[in-house]
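# Examining the three-dimensional arrangement
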Amino acid sequence: MNVRQLDISRRSIAVAAALVGTVSLAIGAHAALNMRSLDAAKAVSTDQVTGSVGQTSRLALVIGNGHYPDASAPLTQSINDARALSSSLRKSGFDVDMVEDASKDDMARAVSRLKARIKRDSVVMLFFGGYGVQAGRESYMLPVDAVIWKESDVRRQGVSIEGVLDMMKEQGAKAKLVVVDASRRNPFERRFRSYSHGLAPIGTPDNALILSSASPGKVVDDGKGEHSTLVGELLNNLDAQGSAESVFNKTRVAISRASEGDQVPAVSSSLLEDVHFNEAGG
């Protein structure tokens, strides 16, 4: 082999080595890029999982019905109560859907919206302020456009509280909270009854907590304040530390003492764990 051939061979080897080095660098860079992409994907996945842990959906449907055509005067407290309670619940982290002076269609649509939003871990609250009537030992929330002349009209035109609770249960709500301020003398019952009976006992499904403004079968008069007696005391206690059950019980005791036993709200619970209005509380 002459000198020229030897030089060519050496240059070929050098070029080949350079090419191998370049390819190796490219492969290494590609592998490193893939590893970074994989690490980034893992980080996103971890963030998504971590972000979902411990986050509980908190939903509330608040209905305040005050202007009933058949009533001699509007229930102004019901509207005030709905607005104030909605504001307080929002501050406590609830996603609130508030409806005022709701017709039957309005109430049905609101319940449907609530149903669509409930998840398996949801804490769900229903508030109703207005007129309520019992029919067949079941309690109904009355829309402002209800036309009622006989007991069967209540079932057809009212919205069953137990029915809403059953829907929450079927959707898998983690906990169900209900506040009913509807134990009022109303312009409907006297049309098909000789007396006013208030509300029937509200059935309590699993993991539920219910507060009603009066004991079953009792009616209470509205006070003259901005808020009803029930909601006024409830608002006073919502910011207190402790479980929702303790908040409801404190409200019941405060009203009973202030009225000297004339008004004793009903609290029923089947909660299996503590539920708090304030996220920081639990």
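Residues numbered from 1 in each chain as written. Predicted model: local features only at pLDDT ≥ 70, side-chain atom pairs only at ≥ 80, totals over all residues. Heavy atoms only, no water.

Looking up the chain in an unreviewed UniProt entry gives the name Caspase family protein, with the organism given as Bradyrhizobium commune.

For the rest of this paragraph, the subject is the nonpolar core. Core analysis: the largest hydrophobic core is formed by 40 residues, its most contacted members being Tyr68 and Met168. If you list the elements that add at least two residues to this core, you get strand 1 (58–64), helix 3 (104–117), strand 3 (123–129), strand 4 (132–135), strand 5 (138–141), helix 5 (161–170) and strand 7 (175–181). Top element by residues in this core is helix 5. It accounts for five residues. Once you skip the residues sitting within four places of it in the chain, Tyr68 turns out to touch Leu75, Phe128, Gly130, Tyr131, Leu142, Pro143, Val144 and Phe188. Residues Met125, Leu238, Ala244 and Phe248 belong to the second largest nonpolar core, which totals 26 residues. (Core = buried A, V, L, I, M, F, W, Y, C linked by side-chain atoms within 4.5 Å. Buried < 20%, exposed > 50% of the residue type's maximum accessible area, 1.4 Å probe, protein only. Helix = DSSP H or I, 4+ residues; strand = E, 2+ residues; numbered from the N terminus. Contact = heavy atoms within 4.5 Å.)

Mapped onto the fold, Tyr140 is located in strand 5. Exposure remark for Tyr140: the relative accessible area of 7% places this residue in the buried category. As for Tyr140 and Ala200, which are separated by 60 residues in sequence, their C-alpha atoms are 9.2 Å apart. In contact with Tyr140, not counting residues within four places along its chain, are Tyr131, Gly132, Val133, Ala135, Val154, Arg155, Gly158, Val159 and Ser160.

Two elements in contact, helix 6 (residues 229–237) and helix 7 (residues 244–258), have axes separated by 9 Å at closest approach and are oriented at 130°. Judged by the inter-axis angle, helix 6 sits oblique to helix 7. The element helix 6 and its partner helix 7 pack so that their crossing is right-handed. In this structure, helix 6 contributes Thr229, Leu230, Glu233, Leu234 and Asn237 to the contact, and helix 7 contributes Val247, Phe248, Lys250, Thr251, Ala254 and Ile255. The residue inventory of the contact of helix 6 with helix 7, partitioned by class, reads six nonpolar, three polar and two charged. (Axes fitted to C-alpha atoms, helices over the stretch in contact; angles between N-to-C directions. Parallel < 35°, antiparallel > 145°, perpendicular 65-115°, else oblique. Left-handed = near helix turned anticlockwise from the far one by under 90°. Nonpolar A, V, L, I, M, F, W, Y, C, P; charged D, E, K, R; others polar.)

So, about the environment of Ile63. By the element assignment, Ile63 lies in strand 1. Accessibility expressed as a relative area gives 1% for Ile63, which makes it buried. Residues Ile63 and Ala82, 19 residues apart in the sequence, show an inter-C-alpha distance of 6.3 Å. Apart from residues no more than four positions distant in its own chain, Ile63 is found in contact with Ala82, Val99, Ala102, Met107, Phe127, Phe128 and Gly129.

Moving on: the pattern of salt bridges. Taken as a whole and judged by the stated rule, the model has 10 salt bridges. Where Arg156 meets Asp153, a salt bridge forms, and the shortest distance between an N and an O atom there is 2.5 Å. With Arg156 and Asp153 both in helix 4 (residues 151–157) and three residues apart, the pair spans about one turn of that helix. Owing to a relative accessible area of 3%, Asp153 belongs among the buried residues under this scheme. The salt bridge partner of Glu273 is Lys174, with a shortest N-O separation of 3.7 Å. Separated by 99 residues along the polypeptide, Glu273 in the segment after strand 9 (266–269) and Lys174 in the loop between helix 5 and strand 7 bring together distant segments of the chain. (Salt bridge = Lys/Arg side-chain N within 4 Å of Asp/Glu carboxyl O.)

Here we come to helix 5. All of the buried residues in helix 5 are Ile161, Glu162, Val164, Leu165, Met167 and Met168. The inward-facing, buried residues of helix 5 contact helix 3, strand 3, strand 5, strand 6 (159–160), strand 7 and strand 8 (208–212). For helix 5, the side-chain oxygen to backbone nitrogen distance between the N-cap and Glu162 is 3.3 Å, and the N-cap itself is Ser160. Positive backbone phi, approximately 85°, marks Gly172, located one or two places after helix 5. (Polar contact = N/O pair within 3.5 Å; in protein donor to acceptor, adjacent residues only side chain to side chain.)

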